[in-house]
Amino acid sequence: MSNQAETSSGLRGRTAIVTGAGRGIGSAIARRLAAAGAQVAITSRTAEQLEQTQRWIERDHGRALSVVADVTDENAVERLVDETHAAFGPVDLLVNNAGIAPLAKIEQLEPGIFDTIIRTNIRSVYLCTRAVWGDLCARGGGAIVNISSVAAEDPFPGFAAYGAAKAFVNAYTKAMAVEGQPHGIRVYGIAPGAVDTDMLRSVFPDFPASERLEPDQVAGLVELVLSPACRYISGQTIVIRKS
Ligand code: NDP
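A few points on the structure. The structure displayed is predicted, hence computed values, not measured ones.

### A look at the site of the ligand
Step number 1: Every one of the 30 residues lining the ligand counts as a neighbour, but Arg45, Thr46, Asn97, Tyr162 and Thr197 are closest to it.
Step number 2: Arg23 places a side-chain nitrogen or oxygen 3.2 Å from an oxygen atom of the ligand.
Step number 3: Most atoms of the ligand, that is more than half of them, are within 2 Å of grid points of the largest pocket.
Step number 4: For the shell around the ligand, the secondary-structure elements that each account for two or more residues are helix H2 (24–35), helix H6 (160–180) and helix H7 (198–203).
Step number 5: No other element matches H7, which puts three residues into the shell around the ligand.

Structural data, given as structure tokens:
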């Protein structure tokens, strides 16, 4: 029989950063972590959306800090971590959620769009992870969740670069888990299928409503993998999909 420590999320009093938290899945994750007692630094490029997420968190008596930042920019990521330190202290948890998924078949994939896909879906994971790694090591542990996609394993026409970028994220997740293990750092990937967000609505407006996950269902899985019960599955990427 597991005790209370095994079943509780263990998030109370932890400091978390959630990227891409202005809307969609990231906003739902930030609200979940705050509701579980974490203090959450939220970031995206759009101030009004961050403020909305912060208002929801504070309405539910949670603690949040909004930091407008482009997570593909090294200086902006350093500022994000500095501001998080100043408000909440060292970082325990990072959710690399920010991403973009423009639909473009191979012959239409302009170099500029390709670079933006790579910067947003790959470079941001590298930069944010690097920026908090020292905190996690110094604290003797912590956790990172990388939001991937079923597109990493299940190619869809128009998602070649996006799917390959998410496959990088899956491989990086495994590597991070191996390097993190001696420091007590756990790393998980979560690969959703279709989720009802602005991203999905803009790319696949006709996607059947009955086959869309709600953002909070993905957020619930993030909270679950962060619980002590999942400590021995570090390095894995878990698929969550309705169809
Ligand atoms: P949304 O487009 O609804 O939200 C994306 C969030 O990321 C926004 O807050 C956006 O804010 C932020 N963001 C994008 N680029 C940057 C940047 N350079 N710097 C900082 N913030 C940024 O997407 P979803 O919520 O649907 O997607 C979240 C994650 O889930 C992504 O990684 C996506 O690939 C993944 N995913 C989504 C699926 C779906 O069906 N929706 C399925 C599988 C995976 P702003 O633009 O203001 O910066």
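### Considering the packing of helix H4 (residues 74–88) against helix H5 (residues 111–138)
Angle between the axes and distance between the axes: these two values describe a pair of packed helices.
Step number 1: It is the contact of H4 with H5, at a shortest axis distance of 10 Å, that shows an interaxial angle of 35 degrees. In the crossing of H4 with H5, the sense of the turn from one axis to the other is right-handed. Between H4, through Glu74, Val77, Val81 and His85, and H5, the contact on the second element is made entirely by Arg123, Leu127, Cys128, Arg130, Ala131, Val132 and Asp135.
Step number 2: By residue class, the composition of the contact of H4 with H5 is six nonpolar, one polar and four charged.

### Considerations on the nonpolar core
Step number 1: With 34 residues, the main nonpolar core has Ile29, Leu33, Val40, Val145 and Ile190 as its most contacted residues.
Step number 2: Elements that contribute at least two residues to this core include exactly strand E1 (15–19), H2, strand E2 (39–44), helix H3 (47–59), strand E4 (93–96), strand E5 (142–147), strand E6 (185–192) and helix H8 (215–225).
Step number 3: Top element by residues in this core is H2. It accounts for six residues.
Step number 4: What Val40 contacts, discounting residues up to four positions off in sequence, is Ala16, Val18, Ala30, Leu33, Ala34, Arg63, Ala64, Leu65 and Phe88.

### A word on the sheet that holds strand E3 (residues 63–68)
Step number 1: The strand order E3-E2-E1-E4-E5-E6-E7 describes an open sheet built from seven strands, whose pairing is parallel. The sheet is open, and its two edges are formed by E3 and strand E7 (237–240), each paired on a single side. Pairwise comparison of adjacent strand axes, ignoring direction, gives a mean angle of 20 degrees for this sheet.
Step number 2: Direction of pairing for E5 relative to E6: parallel, over a ladder of six bridges.

### Quick word on the packing of H2 against H3
Step number 1: In the contact formed by H2 and H3, the axes pass within 10 Å of each other and the chain directions differ by 25 degrees. When the axis of H2 is compared with that of H3, the two are roughly parallel. Between H2 and H3 lies a crossing whose hand is right-handed. Of the residues in H3, those in contact with Ser27, Ala30, Arg31 and Ala34 of H2 are Thr53, Trp56, Ile57 and Arg59.

### Describing the side chain of Ser227
Step number 1: Position of Ser227 relative to the elements: it lies in the loop between H8 and E7.
Step number 2: Within the structure, Ser227 has its side chain in polar contact with the backbone oxygen of Leu224 (distance 2.6 Å).

### Some points on the side chain of Thr43
Step number 1: Within the element layout of this structure, Thr43 appears in strand E2.
Step number 2: Judged by relative accessible area, Thr43 falls into the buried class, the value being 1%.
Step number 3: When sequence neighbours within four positions are dropped, the list of residues in contact with Thr43 reads Val18, Thr19, Gly20, Ala21, Gly22, Leu50, Val67, Val68, Ala69, Val71 and Leu80.

### A look at H2
Step number 1: Here H2 contains 12 residues, and its C-alpha end-to-end distance of 17 Å stays within 8% of the 16 Å for a straight helix at 1.5 Å per residue.
Step number 2: Along H2, the residues that are buried comprise Ile25, Gly26, Ser27, Ala28, Ile29, Ala30, Leu33 and Ala34.
Step number 3: Within two residues after H2, Gly37 carries a phi angle of roughly 105 degrees, on the positive side.

Each value, and the rule that gives it
- Residues numbered from 1 in each chain as written.
- Predicted model: local features only at pLDDT ≥ 70, side-chain atom pairs only at ≥ 80, totals over all residues.
- Heavy atoms only, no water.
- Near = heavy atom within 4 Å.
- Polar contact = N/O pair within 3.5 Å; in protein donor to acceptor, adjacent residues only side chain to side chain.
- 1 Å grid on protein atoms, 1.4 Å probe; cavity = no way out; pocket = protein on both sides within 12 Å on 5 of 7 lines; lining within 4 Å.
- Sits in = over half its atoms within 2 Å of the grid points.
- Helix = DSSP H or I, 4+ residues; strand = E, 2+ residues; numbered from the N terminus.
- Axes fitted to C-alpha atoms, helices over the stretch in contact; angles between N-to-C directions.
- Left-handed = near helix turned anticlockwise from the far one by under 90°.
- Contact = heavy atoms within 4.5 Å.
- Nonpolar A, V, L, I, M, F, W, Y, C, P; charged D, E, K, R; others polar.
- Core = buried A, V, L, I, M, F, W, Y, C linked by side-chain atoms within 4.5 Å.
- Buried < 20%, exposed > 50% of the residue type's maximum accessible area, 1.4 Å probe, protein only.
- Pairing = 2+ DSSP bridges.
- Parallel < 35°, antiparallel > 145°, perpendicular 65-115°, else oblique.
- Expected span 1.5 Å × (residues − 1).

Any link to function would need more than the numbers given here.
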